[in-house]
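Topology and contacts: notes
Here is how the chains run, residue by residue.
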Amino acid sequence: MTTSKTSARITPRELPYSYTALLPEISEETMRFHHDKHYEGYVKKLNELIEGTPYEGHTPCEILLRSEGAVFNNAAQIWNHEFYFEQLAPVPQTAPTGDLLRAVEEAFGSTEELIKQMNLAAAGLFGSGWIWLVKDAGGKLSIVSEPNAGNPLCRQLTPLICIDVWEHAYYIDYRNRRPDAIAALWNRLDWHVVEERYAL
Ligand code: MN
């Protein structure tokens, strides 16, 4: 038996780009706080919470689907942040194409309208949380607002895009101007990643 507690620990993922790669929309300071302090903080906390419990050795996705309270909050925040960072890119594909574009047009009329509606949802979410573009079992798209660590996987929906509206995601760069931070984020969204998520 070579399994050790160390190997069962969840390890944080590296950013898929450099800390300065998303300038000017997102500063190096925000990236360092967001990834190294907040995201890695959730990983550290979850490892503490699950040590010696039946959750140990499971992935954040497996854990968030069958937990609640602090364990859920930290597992979901790990999953949400990995999904958030991985959809952004220094040189993104700037618009959806193909099957995803058709689904966007069917649900919202246009990509511009989808972005407008997600921006409105982000501005309207009181306090901390996430705005999601999701796909249901029939392939239909919709927008979901989740408070705190909420994740649409818990409602059998497939996440395609997430917008982090926790203040830690934007306060260093944009202070109280959440709508400006969200508007800028679209410049860095890689629609190629969203298309891959939609095709799954
Ligand atoms: Mn965050």
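We now turn to the structure provided with this report. (Residues numbered from 1 in each chain as written. Predicted model: local features only at pLDDT ≥ 70, side-chain atom pairs only at ≥ 80, totals over all residues. Heavy atoms only, no water.)

**Looking at unusual backbone geometry**
Phi is mostly negative for residues that are not glycine, and the peptide bonds are mostly trans. For the peptide bond that leads from leucine 23 to proline 24, omega is 5°, which places it in the cis range. Secondary-structure assignment places proline 24 in the loop between helix 1 (5-8) and helix 2 (28-50). Of note, the phi angle at asparagine 148 is positive, near 55°, even though the residue is not glycine. The exposure class of asparagine 148 is partly exposed, given its relative accessible area of 43%. A positive phi angle is found at arginine 175, which is not glycine, with a value near 50°. Tracing the sequence through the fold places arginine 175 in the loop between helix 7 (171-174) and helix 8 (178-185). (Helix = DSSP H or I, 4+ residues; strand = E, 2+ residues; numbered from the N terminus. Buried < 20%, exposed > 50% of the residue type's maximum accessible area, 1.4 Å probe, protein only.)

**Points about empty space enclosed by the protein**
For the structure shown, the criterion picks out three cavities of 30 Å³ or more. Put simply, the largest cavity is a space of about 90 Å³. For the largest cavity, the full set of lining residues is Glu25, Ile26, Tyr84, Asp164, Ala169, Tyr170, Asp173, Tyr174, Ala181, Ile182, Ala184 and Leu185. Taken together, the elements giving at least two residues each to the lining of the largest cavity come down to helix 7 and helix 8. Broken down by element, the lining of the largest cavity gets its largest block of residues, four residues, from helix 8. Here the residues of the lining of the largest cavity are counted per class, giving nine nonpolar, no polar and three charged. (1 Å grid on protein atoms, 1.4 Å probe; cavity = no way out; pocket = protein on both sides within 12 Å on 5 of 7 lines; lining within 4 Å. Points joined across faces, edges and corners; volume = space filled by probe spheres on them. Nonpolar A, V, L, I, M, F, W, Y, C, P; charged D, E, K, R; others polar.)

**Thoughts on the pattern of salt bridges**
This structure, assessed with the given rule, holds eight salt bridges. Put simply, aspartate 99 and arginine 102 hold a salt bridge, and the shortest N to O gap is 2.7 Å. With aspartate 99 and arginine 102 both in helix 5 (residues 98-108) and three residues apart, the pair spans about one turn of that helix. Taking the relative accessible area as the measure of exposure, aspartate 99 reaches 52% and is therefore exposed. Judged by relative accessible area, which is 52%, arginine 102 ranks as exposed. One connected set of salt bridges, linked through shared partners, spans Arg13, Glu82 and Glu86. (Salt bridge = Lys/Arg side-chain N within 4 Å of Asp/Glu carboxyl O.)

**So, the sheet that holds strand 2 (residues 141-147)**
Ordered by their spatial adjacency, three strands build an open sheet running 2-1-3, and the pairing between neighbours is antiparallel. The two strands at the open ends of the sheet, each matched to only one other strand, are strand 2 and strand 3 (158-164). If you compare each strand with its neighbour and ignore which way they point, the axes differ by 25° on average. Both strand 1 (residues 129-135) and strand 2 contribute to a ladder of seven bridges, which runs antiparallel. Bridged to leucine 133 within strand 2 is isoleucine 143. This element, helix 4 (residues 69-86), spans strand 1 and strand 3 of the sheet and lies at about 90° to strand 3. (Pairing = 2+ DSSP bridges. Axes fitted to C-alpha atoms, helices over the stretch in contact; angles between N-to-C directions. Contact = heavy atoms within 4.5 Å.)

Remember that the coordinates give geometry; whether it matters functionally is a separate question.
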